[in-house]
Amino acid sequence: MTILVTGGAGYIGSHTVVQLLDAGHEVLVLDNLCNSKATVIDRIEKIAGKRPHFIQGDVRDRALLQELFAKFAITAVIHFAGLKSVAECSVKPLLYYDNNVSGSIVLAEEMARANIYTLVFSSSATVYGEPVFLPYTEAHPLKPINVYGQSKLMVEQILQDLAASNSAWRIALLRYFNPVGAHASGHIGEDPSGIPNNLMPFLAQVAVGKREYLSIFGDDYETVDGTGVRDYIHVDDLASGHLAALTYLDQHAGVVTVNLGTGKGTSVLELVSAFERASGKAIARQIVGRRPGDLPEYYAQADYAKRVLGWQAKHDVDRMCTDSWRWQSQNPNGFN
Ligand code: NAD
Ligand code: UD1
């Protein structure tokens, strides 16, 4: 019995693969390495003491999926493979729709052909868009503000329609808030290529001396201290949410849609302070203008995950920073 993890060499996927191996599952990683490195698989083995099967390939490659479904006794799929850059998606919308939407369609078609009906999908809080109310509950209106968010919402809708057409499907749509942190070993973590877009990897690169200072995108929002507020969640908590979803799907058919967040908002300045405590480094910073497309504040209502999946996030922001710092300081050049 094997779990197929698409995008399993990536940031969230690699942490989830470690936990799947620890829980005794056989794991097959399918990843085209467009945003990750093959050495991740060695690091996973180093942590878990077991090596996942690894195939370098694309989730849109129908023939390859057919081959893998014939060769391995796959019982469930966790589908992380996707593109996620908000800056890039508006310049290359077709690339994003093809990779994220067509990729999910090909995967679901080939799963059904192989009689595999259990699927966990990586969605995002970005499907909610401008908050009508906070915290976002799963019932909040869905109105993404960029192509990336649209692609996630389209896949959610396609999977809902699919489950309505055939009661064999068991699907979890997991809406992630802001994943940060790294495995406590320091062996795997987030390794963005080029200049990081997101706050935590940027902060970590300032602390390690790779970047001169952090630009804070606006301090005039209507928030606790004027800077943007987000619901940061430790990547290992996020990973354990996927195992909880698989356990839930063992018992339940249909679709379950769940926020994976902590329910707690943290401002940019609060995260900077926590990182300074964790690293013992002063973080140079400058206030600059707001980043276009940024929302002032959002965080999850996290109760539903607790109720249906029996899952809740355990790690606080200090732990997220300690683990990010350990990964960054032990691997200043990431997986290179
Ligand atoms: P990541 O880029 O580190 O991992 C994605 C992996 O998928 C990469 O290893 C990449 O090489 C692979 N991939 C991409 N397209 C592929 C394809 N067509 N075929 C095979 N492999 C492919 O990103 P991540 O942060 O680990 O995110 C994983 C998933 O979670 C993505 O779907 C992302 O949209 C979603 N998500 C991420 C965040 C976040 O902030 N990190 C938030 C919400 C949702
Ligand atoms: C970004 C994406 C979002 C995606 C999420 C994944 C945008 C507009 N949105 O969201 O779609 O789901 O990543 O984690 O890119 N900040 C700075 N300086 C920096 C970087 C960020 O001040 O160098 C601030 C931002 O303005 C924001 C907060 O830090 O207030 C968090 O930013 P980031 O980590 O990029 O996440 P999101 O904006 O939530």
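If you're wondering where the values come from, they're calculated on a predicted model, not measured in any experiment.

Colleague: How should the packing of helix H3 (residues 62-71) against helix H5 (residues 93-113) be read in this particular structure?
Modeller: Two packed helices can be described by the angle between their axes and the distance between those axes. Two elements in contact, H3 and H5, have axes whose closest approach is 10 Å; the angle formed by their N-to-C orientations is 35°. Crossing geometry of H3 relative to H5 is assigned as right-handed. For the pair H3 and H5, the contacting residues are Arg62, Leu65, Gln66 and Phe69 in the first and Val106, Leu107, Glu109, Glu110, Met111 and Arg113 in the second. Broken down by class, the residue content of the contact of H3 with H5 amounts to five nonpolar, one polar and four charged.

Colleague: Before we go on, may I ask you to explain the site of ligand 1 in this structure?
Modeller: Taken together, 27 residues lie around ligand 1, and Asp31, Asn35, Ser36, Lys84 and Tyr148 are the ones closest in. For ligand 1, a nitrogen atom lies 3.0 Å from a polar atom in the side chain of Asn99. One of the side-chain nitrogen or oxygen atoms of Lys152 is found 2.8 Å away from an oxygen atom of ligand 1. Considering ligand 1 on its own, with 810 Å² of exposed area, one finds that the protein chains cover 95% of that surface. Elements supplying a minimum of two residues to the shell around ligand 1: helix H1 (11-22), strand E5 (118-124) and helix H6 (147-165). The dominant element in the shell around ligand 1, judged by the number of residues it contributes, is E5, at three residues. The residue makeup of the shell around ligand 1, split by class, is 11 nonpolar, 11 polar and five charged.

Colleague: So what exactly am I meant to see when it comes to the site of ligand 2 here?
Modeller: As a structural note, the neighbourhood of ligand 2 is formed by 18 residues, with Leu199, Ser215, Arg230, Arg291 and Asp294 the closest of them. Contact distances for ligand 2 include 2.9 Å between an oxygen atom and a side-chain N or O atom of Asn178. One of the backbone nitrogen or oxygen atoms of Ser215 is found 2.7 Å away from a nitrogen atom of ligand 2. A total of 730 Å² of accessible area belongs to ligand 2 in isolation, and the protein chains cover 89% of it.

Colleague: What am I meant to see in the state of the cysteines here?
Modeller: Here, disulfide denotes a covalent bond that connects the sulfur atoms of two cysteines. For the structure shown, the criterion picks out zero disulfides. Left without a disulfide partner, Cys89 is nearest to the cysteine sulfur of Cys34, which lies 15 Å away.

Colleague: Even after reading the chapter, I still don't get the sheet that holds strand E6 (residues 170-176), so can you show me in this structure?
Modeller: Adjacent strands of a sheet pair through backbone hydrogen bonds, lying either parallel or antiparallel. Strand order in the open sheet formed by seven strands is E3-E2-E1-E4-E5-E6-E11, and the pairing between neighbours is parallel. Two strands bound the open sheet, and with one partner strand each, they are strand E3 (53-56) and strand E11 (254-260). This sheet shows a mean twist of 15° between the axes of neighbouring strands, independent of strand direction. Across the face of the sheet, H5 comes into contact with strand E1 (2-6), strand E4 (74-79) and E5 while running at roughly 170° to E4.

Colleague: Help me understand H1 in this model?
Modeller: Along an α-helix, residues three or four apart share an orientation, since each turn contains 3.6 residues. Its 12 residues place the ends of H1 17 Å apart at the C-alpha level, agreeing with the 16 Å of an ideal helix rising 1.5 Å per residue. Judged by how many residues are buried, H1 sits mostly within the fold: 11 of 12 residues are covered. The set of residues buried in H1 consists of Tyr11, Ile12, Gly13, Ser14, His15, Thr16, Val17, Val18, Gln19, Leu20 and Leu21. Gly24 sits one or two positions beyond H1 and adopts a positive phi of about 95°.

Colleague: Help me understand the pattern of salt bridges, please; the structure alone is not making it clear to me.
Modeller: Side chains carrying opposite charge are able to pair once their charged atoms draw close together. Under the criterion given, the structure shown has 18 salt bridges. Between Arg60 and Asp58 there is a salt bridge; the shortest N-O distance is 2.8 Å. The exposure class assigned to Asp58 is buried, which follows from its relative accessible area of 19%. Several salt bridges share partner residues, and in doing so they unite Arg62, Glu109, Glu110 and Arg113 into one network.

Colleague: Please explain the packing of aromatic side chains as it appears in this structure.
Modeller: Think of a pair of aromatic rings as described by two things: how far the centres are apart, and how the planes are tilted against each other in angle. This model, assessed by the stated rule, comprises seven aromatic pairs. Taken together, a centroid distance of 5.1 Å and an interplanar angle of 90° make the contact between Tyr117 and Trp169 edge-to-face. With Tyr117 in the loop between H5 and E5 and Trp169 in the loop between H6 and E6, this pair connects stretches of sequence that are 52 residues apart. For the residue pair Tyr117 and Trp169, the accessibility class agrees, reading buried in each case. Judged by centre distance (6.2 Å) and plane angle (45°), the ring pair of Tyr136 and Phe177 falls under tilted. Of this pair, Tyr136 sits in the loop between E5 and H6 while Phe177 sits in the loop between E6 and strand E7 (178-180), and the two are 41 residues apart along the sequence. In this pair, the class of Tyr136 matches that of Phe177, namely buried.

Colleague: Would you mind showing me how to read unusual backbone geometry here?
Modeller: Residues apart from glycine generally show negative phi values, whereas peptide bonds are mostly found in trans. Going from Leu134 to Pro135, the amide bond is cis rather than trans, its omega being -10°. Looking at the secondary structure, you find Pro135 in the loop between E5 and H6. In this structure, Leu33 takes a positive phi of about 60° despite not being glycine. Tracing the chain through its elements places Leu33 in the loop between strand E2 (26-31) and helix H2 (39-48). The backbone phi angle of Asn115 is positive, close to 60°, even though this residue is not glycine. With respect to the helices, strands and loops of the structure, Asn115 is situated in the loop between H5 and E5.

Rules of the game
Position labels on residues start from 1 in each chain and follow its written sequence. Whichever chain is written first becomes A and whichever ligand is written first becomes 1, with later ones labelled in order. Thresholds applied to this predicted model are a pLDDT of at least 70 for local features of residues and 80 or more for the giving and counting of side-chain atom pairs; totals over whole chains, interfaces and linings are not thresholded and use all residues. The basis for the side-chain values is all heavy atoms of the structure; hydrogens and waters are excluded. Lines are fitted to the C-alpha atoms to define the axes, a helix being fitted only along its stretch in contact, and any angle between axes, read from their N-to-C directions, falls within 0 to 180 degrees. The way it works is that DSSP assigns letters per residue, a run of H or I at least four long becomes a helix, a run of E at least two long becomes a strand, and they are numbered from the N terminus. Handedness of a crossing follows from how the near helix is turned relative to the far one, being left-handed for an anticlockwise turn of less than a right angle and right-handed for a clockwise one. We call two residues in contact whenever any of their non-hydrogen atoms come within 4.5 Å of each other. Each residue gets one of three labels, nonpolar for Ala, Val, Leu, Ile, Met, Phe, Trp, Tyr, Cys and Pro, charged for Asp, Glu, Lys and Arg, and polar for the others, Gly among them. The nearness test applies per residue and asks whether one of its heavy atoms lies within 4 Å of the molecule or strand. Nitrogen and oxygen atoms within 3.5 Å of one another constitute a polar contact, given that in protein one can donate a hydrogen and the other can accept it, and given that sequence-neighbouring residues count only through two side-chain atoms. Surface accessibility in these figures is a Shrake-Rupley result with a 1.4 Å probe; residues are shielded only by whichever protein chains are displayed. When the sulfur atoms of two cysteines come within 2.5 Å, that pair is taken as a disulfide. Between any two strands, at least two bridges found by DSSP are needed for them to pair. Any helix carries an expected span of 1.5 Å times its number of residues minus one. Exposed residues in this analysis have more than 50% of their type's maximum accessible area, buried residues have under 20%, and partly exposed residues fall in between, with area computed by a 1.4 Å probe over protein chains only. Any carboxyl oxygen of Asp or Glu within 4 Å of a side-chain nitrogen of Lys or Arg constitutes a salt bridge here. Pairing of aromatic rings covers Phe, Tyr and Trp, the last through its six-membered ring, and needs centres within 6.5 Å; plane angles under 30 degrees mean stacked, over 60 mean edge-to-face, and all others mean tilted.

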